[in-house]
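A closer look at the structure
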Amino acid sequence: MTTTDFTELHDDLRAVAADVLARGRIVDWATLVDAGWAGLEVPDALGGAGATFAEVAVICEELGRAGAATHYLGGAVLSVGVLNMLQNSAVRDALLADIATGAARTAVAVGDFTIDSERRLTGRADFVPDAEGADRLLVLATDASGTDVAVIADGLTVTGQPVLDETRRVAAVTADGVAVAESAVLRFAGAARAVRNRAAVAVACDSLGLAEAMLEATVSYAQTRRQFGRPIGSFQAVKHACADMLVKVSVARSLVRDAVDAVVGDDPDADTAVAMAKSYTCAAAVDVVGKALQLHGGIGYTWESGIHVYLKRATFNRSLFGSPAAHRRRIAERY
């Protein structure tokens, strides 16, 4: 199945999301839980909706469209995704249930961590989404045998990292020989690399949403702003600029859709689809927002326009979970 098989469901989900996000740019964790978004992928038996990453991708896109400040990326997209990839256990199920009910907010540290034979965790991850204030931290690590594991660790050092994007909160997570209980080391049921793919696609969805929002805002402005007695949208240079924006958004939408389908279907070629979507979409979003800034003229450079929020977010998205250059190298190495 593909995302097009659930078009009506996704349209309804978008409509609900637009209504929730219209209430304010800052959306707290309780609101995400009440809306059912935190538990979208949590199994029915554990209090969730039993949905797939395709539905989560819809929410990610709408969050980008609204430029919303939430804990969704770290607290739900990554946390629930990682937990669902792990082997069944009472610890795993309890965490999933807590996320669905809002009893706990979890974050995932993807970096360079190792856990030795004495179960001591060492390593560091930078720019971990939503780690500050999280109730639990899941750390992706490599054990003494070279196997990827997920560790539920206490005693980690979490240090906030200021970034230009005011809608995101990220932190550095470090461990220096932190002792870990045996029950806190959880094994993957599949390939741990899927975590990075999931993170990259989620960010690409966000960039697609914000690019779509900037295209819509720019076209609307070009239709209403008048110069020399006619709308500026009637000028050829403005028409061409808007057309370029539309082409970039259309290509990005196609690539993101394919990447989401690949992640949902656990496609063997998912790495390539993800790299293509992340590299193109996140670079294109920066170009689209930059063009929107120019076409809005002087008002585009004011705080009141709000375009600066999208430009900062798009710029951060471009490097978060792999720059376009890094993902293009993945594609080149594959072929």
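Model, not experiment: these values are computed from the prediction.

**Notes on the sheet that holds strand 5 (residues 157–161)**
Note: strands within a sheet are paired through backbone hydrogen bonds, in either parallel or antiparallel orientation. With mixed pairing, seven strands are arranged side by side in an open sheet as 5-6-2-1-3-4-7. At either margin of the open sheet sits one strand with a lone partner, and together these are strand 5 and strand 7 (185–187). Between one strand axis and the next, the sheet turns by 25° as a mean value, whatever way the strands run. Pairing of strand 5 with strand 6 (residues 170–179) involves five bridges; the strand directions are antiparallel. Note on strand 6: the bridge partner recorded for G160 is A171. Across the sheet, helix 4 (residues 72–85) touches strand 1 (106–115), strand 2 (120–129), strand 3 (136–142) and strand 4 (148–153), and the angle it forms with strand 1 is around 60°.

**Considerations on unusual backbone geometry**
Look at F127: it is not a glycine, yet its phi comes out positive at around 55°. Note on placement: F127 falls in strand 2. Take F127: its relative accessible area is 38%, and that puts it in the partly exposed class. At D130, a residue that is not glycine, the phi angle is positive and equals roughly 65°. Looking at the element boundaries, D130 is found in the loop between strand 2 and strand 3.

**A short note on helix 7 (residues 236–264)**
For helix 7, spanning 29 residues, the distance from its first C-alpha to its last is 42 Å, which sits close to the expected 42 Å at 1.5 Å a residue. Taken together, the buried residues of helix 7 touch helix 3 (53–66), helix 6 (193–224) and helix 8 (270–295). Phi turns positive, to about 50°, at D266, one or two residues after helix 7.

**Here we look at the UniProt feature "domain: Acyl-CoA dehydrogenase/oxidase C-terminal" (unreviewed entry) in the chain**
The UniProt record annotates "domain: Acyl-CoA dehydrogenase/oxidase C-terminal" (unreviewed entry) at residues 197–334. The span residues 197–334 is 78% helix and 3% strand, and its two end C-alpha atoms sit 15 Å from each other.

**Some thoughts on the packing of helix 6 against helix 8**
The axes of two packed helices give the description: the angle between them and the distance between them. Running from N to C, helix 6 and helix 8 cross one another at 25°; their axes reach a closest spacing of 8 Å. In terms of their interaxial angle, helix 6 and helix 8 are classed as roughly parallel. The handedness of the crossing between helix 6 and helix 8 comes out as left-handed. In terms of residue class, the contact of helix 6 with helix 8 is made up of 19 nonpolar, four polar and three charged.

**Side note on the pattern of salt bridges**
Side-chain pairs of opposite charge can arise whenever the charged atoms involved come near each other. One pass over the full model with this rule turns up 20 salt bridges. Here E62 makes a salt bridge to R14, at a shortest N to O gap of 3.7 Å. Of this pair, E62 sits in helix 3 while R14 sits in helix 1 (residues 7–21), and the two are 48 residues apart along the sequence. Accessibility expressed as a relative area gives 26% for R14, which makes it partly exposed. For the salt bridge of R193 with D271, the shortest nitrogen-to-oxygen distance reads 3.4 Å. Highlighted residues: R193 in helix 6 and D271 in helix 8, separated in sequence by 78 residues. Salt bridges linked by common partners bring D11, R14, E61, E62, R65, E212, E216 and R253 together as one network.

**Thoughts on the UniProt feature "domain: Acyl-CoA dehydrogenase/oxidase N-terminal" (unreviewed entry) in the chain**
When the UniProt feature table is mapped to this numbering, "domain: Acyl-CoA dehydrogenase/oxidase N-terminal" (unreviewed entry) covers residues 17–102. Between the C-alpha atoms that bound residues 17–102 there is a distance of 18 Å. The span itself is 59% helix and 0% strand.

**So, the side chain of D130**
No salt bridge forms around the buried D130; measuring N to O, its nearest opposite-charge neighbour R105 is 5.1 Å away. Sequence-distant contacts of D130, that is, excluding residues within four places in its chain, are made with T70, H71, Y72, L73, G74, G75, R105, A107 and R169.

**A short note on the nonpolar core**
Core analysis: the largest hydrophobic core is formed by 111 residues, its most contacted members being W37, Y72, F113, L121, L156 and F188. For this core, the element with the highest residue contribution is helix 6, accounting for 16 residues. Residue assignment places this core across two domains, with domain 1 (3–187) and domain 2 (192–334) each supplying three or more. Residue contacts for F113: discarding those within four places in its chain leaves L121, T122, G123, R124, A125, V139, L140, A141, T142, V173 and A175.

**What about the packing of helix 4 against helix 5 (residues 90–101)?**
One can describe the packing of helix 4 onto helix 5 by two numbers: an axis separation of 10 Å at closest approach and a directional angle of 155°. Classified by the angle between their axes, helix 4 and helix 5 sit roughly antiparallel to one another. Relative to helix 5, the crossing made by helix 4 is left-handed. On helix 5, the residues touching G75, S79, V80, L83 and N84 of helix 4 are R92, L95, L96 and I99. Tallied by class, residues from the contact of helix 4 with helix 5 come to five nonpolar, three polar and one charged.

The rules behind the values
Residues numbered from 1 in each chain as written. Predicted model: local features only at pLDDT ≥ 70, side-chain atom pairs only at ≥ 80, totals over all residues. Heavy atoms only, no water. Pairing = 2+ DSSP bridges. Helix = DSSP H or I, 4+ residues; strand = E, 2+ residues; numbered from the N terminus. Axes fitted to C-alpha atoms, helices over the stretch in contact; angles between N-to-C directions. Contact = heavy atoms within 4.5 Å. Buried < 20%, exposed > 50% of the residue type's maximum accessible area, 1.4 Å probe, protein only. Expected span 1.5 Å × (residues − 1). UniProt positions renumbered as here; feature names shortened; annotations may be inferred. Parallel < 35°, antiparallel > 145°, perpendicular 65-115°, else oblique. Left-handed = near helix turned anticlockwise from the far one by under 90°. Nonpolar A, V, L, I, M, F, W, Y, C, P; charged D, E, K, R; others polar. Salt bridge = Lys/Arg side-chain N within 4 Å of Asp/Glu carboxyl O. Lys, Arg positive; Asp, Glu negative; His and termini not counted. Core = buried A, V, L, I, M, F, W, Y, C linked by side-chain atoms within 4.5 Å. Domains from an automatic or database assignment.

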